[in-house]
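This is what each chain is made of:
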Amino acid sequence: MLYVAKRIAISLVLVWVVATVVFLALHMVPGDPAEVLLSTGGTSPDPYAVAELRERLGLDRPIMVQYGEFIARLARGDLGTSLVDDYPVAEEILLRLPRTLELILAGTLIAVSIALPAATYAAVHAGGAFDRAASAVAAILQALPVFVLGTLLILVLAQWLRWMPAGGYVPFAQDPGRHLLLLLLPAVAVAKGLAATVFRMARAAVLEQLSRDHVRTARAKGLTPRRVVRRHVVRNAMIPVTTVLGLQMGTLLGGTVLVEFVFNWPGLSTPLLRAVETRDYPMVVGIVLTVSGLFLLINLAMDLLYAVLDPRIARS
Amino acid sequence: MQVKRLILPGAMVAFIVLLALLAPVLPLPDPVRQDVANRLAAWLPGSPLGRDEFGRDILSRIIWGARASLAVAFASAAIACLVGTTLGLLAGWFRGLAEFFAVRTADVVLCFPPILLALLVVTLLGPGTATLILVLSILYLPGFVRVTYAEVLSARGQDYVEAVRALGAPTPRILSRTVLPNIAGPVLVQFSLAVAAAVVVESGLSFLGLGVVPPTPSWGLMIRGARATMEQAPTYLLYPCLALTVTILAMNMLCDALRDAVDRKGGTRAPKLRAVDRILPGLFPTREPAPLLEVQGLTVDIATPGGAIRPVEDVSFAVRAGETLAIVGESGSGKSITATAVMGLLPPVAQVTAGVARFEGRDLLDLPEEERRRLRGGAIAMVFQDPMSSLNPVHRVGDQVAEAIRAHRDVSAAAASQEAVELLKRVGIADPERRARAYPHELSGGMRQRVMIAMAIANRPRLLIADEPTTALDVTVQAGILDLLAQLRRETGMGVVLITHSLGVVAETADEVVVMYAAQVVERGTVAEVFARPLHPYTRALLAAVPEGDAEPEGIPGVVPRPDAWPPGCRFAPRCSFATPICERPQVLEQAGERLVRCIRWKDLA
Amino acid sequence: MALVVAENVEKSFAPRGVFARGKPVRAVASVDAQVARGEALGVVGESGSGKSTLGRLLLGLLDVTGGRVRFDGADLPKPGSAAWKTLRARMGIVFQDPFGSLDPRRSVGAQVGDGLAIHRGGAEPARIAALFERVGLDPLRMGAFPHEFSGGQRQRLGIARALATDPDFLVADEPVSALDVSIQAQVVKLLADLRRDLGLAMLFISHDLPVVRHLCDRVAVMYLGRVMEEGPVREVFARPLHPYTRALLSATPMLDPAKRATRILLPGDPPSPSDPPSGCVFRTRCSFAQAACAETVPALRAFGGPGQRVACIRAEEIS
Ligand SMILES: Nc1ncnc2c1ncn2[C@@H]1O[C@H](COP(=O)(O)OP(=O)(O)OP(=O)(O)O)[C@@H](O)[C@H]1O
Ligand code: SF4
Ligand code: SF4
Ligand SMILES: [Mg+2]
């Protein structure tokens, strides 16, 4: 219990640290932040626009006041309004976030449900044909950037074979079948990196467990090979895998931005990329904070799972 | 072998880097010169890969693109490496404030998903190469800090670092002579990982239009451009995709090979599980009165990279019910392999090449795997040396004992748990109900070994093989375990094979003893006789080395020969003080009254 | 006066980290010890009884959290200070693990010469060769790397490294525990010779009582960070007075049936050093324990043969 409380407390502190870093980032940029945001290349921006932006972002007040207000607004869930169209950032995020989450969830499910069994089988039959084939596939997948895979999937499956739509989005309520069809390719693209990494990690972990003394003990007890693998190998091998899974989610979240762009999936990346281009700072901050918060949450969940899997953690 | 794995990816990466470096001097068309007339041409003289949507030469753009990517990747990895390694060194060595600062900074960076952090910075600073380098070096900083920090901490814990510190070496000397060489490998691996990852992130950002600024060629930008026209000109899309993927693949392979080469553990090849069982034989052979276990001429070969070695050769012994047979010998004499071979738990590299091991009349070495499995943990049980690693850390000890019961008997889970508690009580664990629910790390070493014994006796074995069951334990704990084993043997009448290198333990617990040296049995007989009147010079020397009584203990000069270089004649000859030229031929095990001894001179020496 | 004198030393390790909780672990609690020039003091006890920590405190590699250590009449300087660094030349340490105690990446000659390079301004090959010969190794192998040596040879290398600066005081932390008996005897003999020839003061940490009996003049028996009994080896081994010493001696397996005592089995497990029992720390496993044993920590007091001291309130009745 204490472990859980401690983990949650640490996560909260990290959320606060992330918010602070994001706040400070604007002020750490050399020069006047408002001027920096408005400058395009060499030309210096219109002084009136700078003054106006400075006032809008509250940059004219003392930094501690700004910081206090920033944190207070965050705590209320107020992320400010877009510089471009005055639309509340939080509302934009609330609209988009579920779609991104859906993609992440589908991708993770695909990745884990393929990679884990494949890795176990490959490791138990290490050196066999399946192991060599699967390891080669994993290595190639790992080297294929998500956006390359996504683009190639569209080229082959949508443009050449015309089996799949090239991308887009239809709400589930409107047409469930088409929604899932449209979800499939982006989810596969999101899954790829995770699947490759999980496969490699899990394979190594299972191999490592197979050589452990306690596996020898299990065999000396006369357990069947199937039971030895299930209870004394896979269970133990999952412990290092969960840690990697948590850390990998960062890459996965980043990859999702690219995948959404490639497949025109209207998740968080659409407003994010537009905001980066138009230098709509409040929008970028809002989305970065949301996704980082999500990342921390996933890692918290992984830590808790880790404690369930490994009794040495929580109970010592 | 591991170095060989570096060659192919190393050559590929070197080739790509060289191309990128040589881009300005290669006879390539200008990568930014537009030629709208030849837009999307698939092939043109001087443009083997064709032209892009502005009629620019694709081959030239790919090579110049490599230059852009790699410049960004190497620059950022180098910055991250320099700063990160320094921080990590300071943090690991000085701990305190430096540690807090460096490790926490790394933690904060790790809170952001990489691309998101990059986008935040791009918003602030605008896209461009300088921004990219800054972002990427921030992203990979934590990796270097952590690797260096962890390595320094582990190096600090090494005795050899403590030894230099105890000599009063100044800190810079310790860091540069002792710590840096040890972290150089992992840092190199981290560097290659960072370069590979940087190439990926750079191309991704450029693909989004937020990395390298056009018209500078970059693979990500090329793919972005080709997407719009991929139906008309699919090859234009494929070339940069291929270039990018092959580069990353080569870098990843190089990283893996480097990591394996640097990893001090070396490539640990884990054993495969045994092939699935052969078909059951029809009938059991008829039983005849015989010793419980009779091993004859057991020989084991192990395939090693340098050729086959024979760590166990022509080993014979017999154990009767209710009796303890001890196997003693120095490290590497083949004791454990003998036991593992009898249990059928040899790793796949090891093969029994000759001999029989008759257990109650049946040859264990000739049984199908399924039948051996039924004997293991049933009629024959085994206890291992290190009770911590031999128990599974993630299951409760009661469950692990119950599992042994259910592997052999068809009882309900509840009944098995109940019986497990009884067994724990039987092996002298106080408060067995509560202890059954404990995990191995919550028990002391002695208690863990008691759990191992409970597991072993769960199915009333008729033979117990114990491989150094007390070596990892303190003497007072050892006394308790040996007492327990003796008591169980008396009560159940099981036979015990006790492997140990402690002659005192043999003297106190065993009836018969087998002395092994360099894979062979050199003497065999009852403990009382062998210890009172050792016949083999090795047995004598071993006994004389024990510090007991007032005589000065005498060491045996030299060391046990390695299994790939057994001496040709008597294997003990190089260390034997009685060796003569006749000892240069191989020795056979001779009968010496009730005893067996492998020494041509035993009669002269007796 | 003895070369090394520990007065009432104590060492607690606080749990590390910002979120760490739990009590500090008291590895060594009010220990008095003395080692004179040319004398070997054996320290025996189970794993976790604080033997190695005591060794490092006497060397000044760890800072005491209570009491003080005097070396050659002066208090030990703070670890890391300039005075501390010069003092290093006068002390040496030999480790248990023959594999971890040598840097796998440096030649053994360079490692043996480290002390000379640090304190004597350079390691001439002739000096190193002499050290190799002193510990029974072939000086021609100076350029070899640790993995080319066997366990016993590595221990010799470790000893040579410790001897490079002609120290006055040597701490040997279980130097033979990882070795086979046949090799163990060689290394013990080497240490005995060195002590005799060089007049070293030596602290010999071991859990092997017969080895201590052979090599040492005096022995201190530790349990849970405290000294239970101390005295000349002959006295202590022939007439152990403390119940723990008796149990320890009776548990040591003996070759000679005539020497075997009836085993005294200790019930239960050793308590955790972060939560030691009140009064006599041994009382939870002592068959002579009484209510009074829980009240005060028994002082180490002279009792029994000459020079023998014991920390048990019931020593008179038991003997
Ligand atoms: N998997 C393996 N590959 C190569 N050599 C091996 C392997 N396993 C064991 N050996 C070698 O076989 C020999 C006998 O090993 P074994 O473990 O049986 O010795 P032991 O008598 O039990 O020693 P110890 O007292 O150290 O336990 C040793 O030289 C060892 O190095
Ligand atoms: S055969 Fe010769 S060398 Fe071998 S043990 Fe006998 S006397 Fe020694
Ligand atoms: S003081 Fe009491 S508990 Fe301690 S050893 Fe003596 S009799 Fe036993
Ligand atoms: Mg062994």
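Per an unreviewed UniProt entry, chain C goes by Peptide ABC transporter ATP-binding protein and derives from Falsiroseomonas bella. Note on chain C: under the UniProt heading Subcellular location (unreviewed entry), the record states "Cell inner membrane". Here chain C is described in UniProt, under the heading Sequence similarities (unreviewed entry), as follows: "Belongs to the ABC transporter superfamily."

**Q** Explain the overall build of chain C to me, please; I cannot follow it from the model alone.
**A** A tally of helices and strands in chain C yields 11 helices and 12 strands. Taking 2.2 N^0.38 as the reference for a compact globule, 319 residues should give roughly 20 Å; the C-alpha atoms of chain C span a radius of gyration of 20 Å, in line with that estimate. Counting only C-alpha atoms and orienting by the principal axes, one finds that chain C spans roughly 65 × 55 × 40 Å. Split into buried and exposed, the 319 residues of chain C put 55% on the buried side. Once local pairs closer than 6 in sequence are excluded, the contacts in chain C between residues at least 24 apart make up 63%. For chain C, the accessible surface area stands at approximately 12500 Å², while carbon and sulfur atoms represent 54% of it. Within chain C, one finds 40 positive and 33 negative side-chain charges whose respective centroids are separated by 2 Å.

**Q** For this particular structure, what's the right way to read the sheet that holds strand E12 (residues 595-597) of chain B?
**A** The pairing of strands in a sheet happens through backbone hydrogen bonds and is either parallel or antiparallel. All names here are of chain B. One open sheet holds the eight strands; their spatial order is E6-E7-E8-E3-E9-E10-E12-E11, and the pairing between them is mixed. Of all strands in the sheet, those with a lone pairing partner are strand E6 (380-383) and strand E11 (590-592), marking the two edges. Here the strands of the sheet are splayed against their neighbours by 20 degrees on average, with no regard to which way each runs. Where E11 meets E12, three bridges bridge the pair, whose relative direction is antiparallel. Within the sheet, the bridge partner assigned to Ala592 lies in E12 and is Arg595.

**Q** I tried to follow the pairing of strand E3 (residues 324-328) of chain B on my own but got confused; where do I start?
**A** In summary, the side chains of a regular strand alternate between the two faces of the sheet. Residues and elements named next belong to chain B. Within E3, five of the five residues are buried, which leaves the element mostly enclosed by the surrounding structure. Taken together, the four bridges between E3 and strand E8 (residues 495-499) define a ladder with parallel strand orientation. Each residue of the ladder has a partner; that of Ile327, found in E8, is Ile499. Taken together, the four bridges between E3 and strand E9 (residues 512-517) define a ladder with parallel strand orientation. Each bridged residue has a counterpart across the sheet, and for Ala326 the counterpart in E9 is Val513.

**Q** Could you clarify how one ought to interpret the site of ligand 2 in this entry?
**A** If you check the shell around ligand 2, you find B:His536, B:Pro537, B:Cys570, B:Ala573, B:Cys576, B:Phe578, B:Ala579, B:Cys583, B:Gln587, B:Cys599, B:Ile600 and B:Arg601 and nothing else. Classifying every residue of the shell around ligand 2 gives nine nonpolar, two polar and one charged.

**Q** Sorry if this is basic, but what is going on with helix H4 (residues 63-76) of chain A here?
**A** Along an α-helix, residues three or four positions apart point the same way, because every turn accommodates 3.6 residues. Residue and element names in this part refer to chain A. Taking 1.5 Å as the rise per residue, H4 with 14 residues should run 20 Å; its terminal C-alpha atoms sit 20 Å apart, in good agreement. By the burial criterion, the buried members of H4 are Gln66, Tyr67 and Phe70. Taken around the axis of H4, the buried residues stretch over an arc of 100 degrees, which confines them to a single face. Facing away from the buried side of H4 by more than 90 degrees, the exposed set consists of Met64, Ala75 and Arg76. Check the buried side of H4 and you find it contacts helix H1 (2-28) and helix H12 (281-309). Directly after H4, the chain includes Gly77, whose backbone phi takes a positive value near 85 degrees.

**Q** Help me understand the domain arrangement of chain C, please; the structure alone is not making it clear to me.
**A** When the parts of a complex come together, some accessible area is lost, and that lost area is often taken as the interface size. Residue and element names in this part refer to chain C. If you check the domain split of chain C, you get domain 1 (2-14 + 24-216) and domain 2 (241-319). Between the C-alpha centres of domain 1 and domain 2 there is a distance of 29 Å. Listed per partner, the contact involves nine residues of domain 1 and 11 residues of domain 2. Regarding the contact of domain 1 and domain 2, the summed buried area is about 750 Å², with carbon and sulfur atoms giving 62% of it. For domain 1, the biggest contributors to the area lost against domain 2 are Arg26, Glu46 and Leu209; these three give 55% of the whole. The interface formed by domain 1 and domain 2 includes zero salt bridges. One can count two residue pairs in polar contact (both at pLDDT 80 or more) joining domain 1 with domain 2. Those elements that provide at least two residues to the side of domain 1 that touches domain 2 are strand E2 (25-35) and helix H8 (209-215). Take the side of domain 1 that touches domain 2: its biggest share by element is three residues, from E2.

**Q** Sorry if this is basic, but what is going on with the interface of chain B and chain A here?
**A** Contacts between the two partners involve 70 residues from chain B, matched on the other side by 77 residues from chain A. Here chain B and chain A share an interface that buries about 6600 Å² over both sides, 70% of which is from carbon and sulfur atoms. Summed over the shared surface of chain B and chain A, the number is four salt bridges. Here A:Arg227 makes a salt bridge to B:Glu403, at a shortest N to O gap of 3.3 Å. The interface formed by chain B and chain A includes 20 residue pairs in polar contact (both at pLDDT 80 or more). No other element matches helix H9 (residues 234-262) of chain B, which puts 10 residues into the side of chain B that touches chain A. Broken down by class, the residue content of the side of chain B that touches chain A amounts to 40 nonpolar, 15 polar and 15 charged.

**Q** How do you make sense of the state of the cysteines when you look at a structure like this?
**A** In protein chemistry, a disulfide is the covalent bond that joins the sulfur atoms of two cysteines. Residue and element names in this part refer to chain B. As enumerated under the stated definition, the model contains zero disulfides over all chains in all. Free cysteine Cys255: the closest other cysteine sulfur is in Cys81, separated by 13 Å. For Cys255, a relative accessible area of 1% corresponds to the buried category.

**Q** Please clarify how the pattern of salt bridges should be interpreted in this entry.
**A** Close approach of charged atoms lets side chains of opposite charge pair. Considering all chains together, one arrives at 57 salt bridges over all chains under this definition. B:Glu403 is paired through a salt bridge with A:Arg231; the nearest N and O atoms lie 2.6 Å apart. Here B:Glu403, found in helix H13 (residues 397-408), pairs with A:Arg231, found in helix H10 (residues 225-263), and the two come from separate chains. Classification of B:Glu403 by relative accessible area gives buried; the value is 4%. Residue A:Arg231 is classed as partly exposed on the basis of its relative accessible area of 22%. Between C:Asp193 and C:Lys189 there is a salt bridge; the shortest N-O distance is 3.8 Å. Highlighted residues: C:Asp193 and C:Lys189, both in helix H7 (residues 181-198), separated by four residues, approximately one helical turn. Connected through salt bridges with shared partners, the residues C:Arg134, C:Lys189, C:Asp193, C:Arg196 and C:Asp197 form a single ionic network.

**Q** Even after reading the chapter, I still don't get the sheet that holds strand E5 (residues 362-363) of chain B, so can you show me in this structure?
**A** Residue and element names in this part refer to chain B. Strand order in this open sheet of four strands is E2-E1-E4-E5, and the pairing throughout is antiparallel. In this open sheet, the two edge strands, each paired with only one partner strand, are strand E2 (307-319) and E5. Across eight bridges, strand E1 (residues 293-304) lies against strand E4 (residues 350-359) in antiparallel orientation. Across the sheet, Ile302 pairs through a bridge with Ala350, a residue of E4. Each of E1, E2 and E4 is contacted by helix H10 (residues 335-343), which is oriented at about 110 degrees to E1, the strand it contacts most.

Rules used throughout
- Residues numbered from 1 in each chain as written.
- Chains lettered and ligands numbered in written order.
- Predicted model: local features only at pLDDT ≥ 70, side-chain atom pairs only at ≥ 80, totals over all residues.
- Heavy atoms only, no water.
- UniProt positions renumbered as here; feature names shortened; annotations may be inferred.
- Helix = DSSP H or I, 4+ residues; strand = E, 2+ residues; numbered from the N terminus.
- Rg over C-alpha atoms; globule rule 2.2 N^0.38 Å.
- Buried < 20%, exposed > 50% of the residue type's maximum accessible area, 1.4 Å probe, protein only.
- Contact = heavy atoms within 4.5 Å.
- Areas by Shrake-Rupley, 256 points an atom, 1.4 Å probe, with all protein chains shown as cover.
- Lys, Arg positive; Asp, Glu negative; His and termini not counted.
- Charge placed at Lys NZ, Arg CZ, Asp CG, Glu CD.
- Pairing = 2+ DSSP bridges.
- Axes fitted to C-alpha atoms, helices over the stretch in contact; angles between N-to-C directions.
- Near = heavy atom within 4 Å.
- Nonpolar A, V, L, I, M, F, W, Y, C, P; charged D, E, K, R; others polar.
- Expected span 1.5 Å × (residues − 1).
- Arc of directions from axis to C-beta.
- Domains from an automatic or database assignment.
- Buried area = accessible area lost by both parts, 1.4 Å probe.
- Salt bridge = Lys/Arg side-chain N within 4 Å of Asp/Glu carboxyl O.
- Polar contact = N/O pair within 3.5 Å; in protein donor to acceptor, adjacent residues only side chain to side chain.
- Disulfide = S-S within 2.5 Å.

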